[in-house]
Amino acid sequence: MDIQLQQIITHAIGFLITLWILKKFAWGPLLAIMEERRNKIAGEFQKIEDDKAEVDKLAAEYEGLLKNIDNERRAKIVEAVGEGKKMAEEIKRAAHDDARKISEKAKADLVQDVAKAKVQLKEDMIALTMTATEKIIREKLDDAKHRELIGSFIDNVEKA
């Protein structure tokens, strides 16, 4: 094999010129496109990480809000139960007061009615006694008539 120096130099110069042309017109734009693509992908990954951090932050914030809402709900339930118990006690106390007043009024009415009944009974007894006495005085009675008048008087008293 015969190696010719001129041919090797020509091939080397042609190779170097091809490399220079490729570098100037192909490698630069290709490397720029690849760098741009790499930066775009890195930016998208960064955006994804930022969005994930934002989502985690919002999730933690909402979790805190849910806990606060739960605590407020429990506090309101406890407050409502306390208010209900207080209202129940007030209603019970008012019912006891009303029952006591009704009972006292009924007792007073009963005492008054008994007093009226006693007065009425006394007046009726006086009237009956006077009527019986009047009849006895008007008639002269024998023993049978006397018994009959007393029996009718007792019957009238039992009817009244």
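What comes next is a walk through the structure. As the structure is a prediction and not an experimental result, all values here were calculated from the model.

So, on to the overall build of the protein chain. Check the secondary structure of the protein chain and you find 2 helices and 0 strands. Relative to the 2.2 N^0.38 estimate, which gives 15 Å for 160 residues, the radius of gyration of the protein chain is 62 Å and therefore markedly larger than a compact globule would have. Its C-alpha atoms give the protein chain principal-axis dimensions of about 195 × 25 × 25 Å. Buried positions account for 1% of the 160 residues belonging to the protein chain. Accessible surface computed for the protein chain: about 14,700 Å², of which carbon and sulfur atoms make up 63%. In the protein chain, 29 side chains carry a positive charge and 31 a negative one; their mean positions are 2 Å apart.

Side-chain pairing between opposite charges can occur once the charged atoms of the two side chains come close. Per the counting criterion, the structure on display carries 7 salt bridges. Measuring nitrogen to oxygen at the nearest pair gives 2.5 Å for the salt bridge that ties E35 to R38. Pair noted here: E35 and R38 are both in helix α1 (residues 5-138), with a separation of 3 residues, about one helical turn. Under the relative-accessibility criterion, E35 is labelled partly exposed at 30%. For D70, the salt bridge goes to R73, with nearest N and O atoms at 2.4 Å. Highlighted residues: D70 and R73, both in helix α1, separated by 3 residues, approximately one helical turn. You can call D70 partly exposed: its relative accessible area is 23%.

Looking at the secondary structure, you find E79 in helix α1. In this structure the C-alpha to C-alpha distance between E79 and E89, which are 10 residues apart in sequence, comes to 15 Å.

The subject of this paragraph is a nonpolar patch on the surface. A grouping of L5, I9, I13, I17, W20, I21 and F25 is seen on the molecular surface, where their side chains present a nonpolar patch of about 750 Å² in accessible area. Along the polypeptide, I21 turns up in helix α1. A residue is classified by how much of its surface remains accessible, and I21, at 39% relative accessible area, is partly exposed.

Thresholds applied
- Residues numbered from 1 in each chain as written.
- Predicted model: local features only at pLDDT ≥ 70, side-chain atom pairs only at ≥ 80, totals over all residues.
- Heavy atoms only, no water.
- Helix = DSSP H or I, 4+ residues; strand = E, 2+ residues; numbered from the N terminus.
- Rg over C-alpha atoms; globule rule 2.2 N^0.38 Å.
- Buried < 20%, exposed > 50% of the residue type's maximum accessible area, 1.4 Å probe, protein only.
- Areas by Shrake-Rupley, 256 points an atom, 1.4 Å probe, with all protein chains shown as cover.
- Lys, Arg positive; Asp, Glu negative; His and termini not counted.
- Charge placed at Lys NZ, Arg CZ, Asp CG, Glu CD.
- Salt bridge = Lys/Arg side-chain N within 4 Å of Asp/Glu carboxyl O.
- Patch = residues over 30% accessible without salt bridge, like charges linked within 9 Å, V, L, I, M, F, W, Y side chains within 5 Å.

Geometry only, nothing functional implied.
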